[in-house]
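Fold and geometry: a report
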Amino acid sequence: MSIRSQLLKGILDGCVLAVIEKEPVYGYELSKKLQDIGLQDVSEGTIYPVLLRLQKNGLIRGEMKPSDSGPNRKYYFLTNEGEEALLTITEEWNQISEPINALFKRRGD
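Summary of the structure given here. (Residues numbered from 1 in each chain as written. Predicted model: local features only at pLDDT ≥ 70, side-chain atom pairs only at ≥ 80, totals over all residues. Heavy atoms only, no water.)

1. Observations concerning the sheet that holds strand 2 (residues 60-65)
A sheet is described by the order of its strands in space; here three strands give the open sequence 1-3-2, paired in antiparallel fashion. The open sheet terminates on both sides in strands that have one partner only, identified here as strand 1 (25-26) and strand 2. Of the strand pairs in this sheet, strand 2 and strand 3 (residues 73-78) are connected by six bridges, and their pairing is antiparallel. The residue of strand 3 that forms the bridge with I60 is L78. Its contacts with the sheet place helix 1 (residues 3-22) against strand 1, strand 2 and strand 3, and it is angled at close to 95 degrees to strand 3. Relative to strand 2, helix 3 (residues 44-56) is tilted by about 115 degrees, and along the sheet it contacts strand 2 and strand 3. (Pairing = 2+ DSSP bridges. Helix = DSSP H or I, 4+ residues; strand = E, 2+ residues; numbered from the N terminus. Contact = heavy atoms within 4.5 Å. Axes fitted to C-alpha atoms, helices over the stretch in contact; angles between N-to-C directions.)

What follows is the structure, given as structure tokens:
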């Protein structure tokens, strides 16, 4: 497993919650949104186990809705617990990323 994959695996739950916080999405749409922001490694095969785990842990809920084209789709919504988890993840990420970014910037001097 590459370093990039390991780093992404550690923060992917937070990324998924952040996308769902903005608007309810279905699995394929979620993976597309993550790819569009530059996370090309995130495929549908990566997303669905994350969605199942987040749902099992009560951080998101799924709801079947009609699709404009084709069968119904399962849209995911944040729960109150999911909102709290996203806040915690964001705070923890900032506490870790800011000093690491500063450290790496010094490396180039």
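From this point, things continue past the structure.
2. Some thoughts on a negative patch on the surface
A cluster of like negative charges, contributed by E21, E81, E83 and E84, occupies part of the molecular surface. Examining the composition of the negative patch, we find that three residues originate from one element, helix 4 (residues 80-107), more than from any other. Within the element layout of this structure, E21 appears in helix 1. Taking relative accessible area as the criterion, E21 reaches 48% and is therefore assigned partly exposed. (Patch = residues over 30% accessible without salt bridge, like charges linked within 9 Å, V, L, I, M, F, W, Y side chains within 5 Å. Areas by Shrake-Rupley, 256 points an atom, 1.4 Å probe, with all protein chains shown as cover. Salt bridge = Lys/Arg side-chain N within 4 Å of Asp/Glu carboxyl O. Lys, Arg positive; Asp, Glu negative; His and termini not counted. Charge placed at Lys NZ, Arg CZ, Asp CG, Glu CD. Buried < 20%, exposed > 50% of the residue type's maximum accessible area, 1.4 Å probe, protein only.)

3. Considerations on helix 1
Between its terminal C-alpha atoms helix 1 stretches 28 Å, which fits the 28 Å expected from 20 residues at 1.5 Å a residue. Along helix 1, the helix axis deviates most sharply at I11, where the bend reaches about 50 degrees. (Expected span 1.5 Å × (residues − 1). Bend = angle between axes of the 7 residues up to and from the residue.)

4. As for the packing of aromatic side chains
Applying the stated rule across the entire model yields one aromatic pair. Ring geometry for Y26 and Y75: centres 5.4 Å apart, planes at 75 degrees, overall edge-to-face. With Y26 in strand 1 and Y75 in strand 3, this pair connects stretches of sequence that are 49 residues apart. We classify Y26 as buried; its relative accessible area is 17%. (Phe/Tyr/Trp six-rings, centres within 6.5 Å; stacked < 30°, edge-to-face > 60°.)

5. Details of the pattern of salt bridges
Per the stated rule, a full pass over the model turns up six salt bridges. Note that R4 is salt-bridged to D41, the shortest N-O span being 2.8 Å. With a gap of 37 residues between them, R4 in helix 1 and D41 in the loop between helix 2 (27-36) and helix 3 connect regions that are remote in the sequence. For D41, a relative accessible area of 35% puts it in the partly exposed group. With a shortest N-O distance of 3.2 Å, D36 and K32 are connected by a salt bridge. Of this pair, D36 and K32 both sit in helix 2, four residues apart, which is roughly one turn of the helix.

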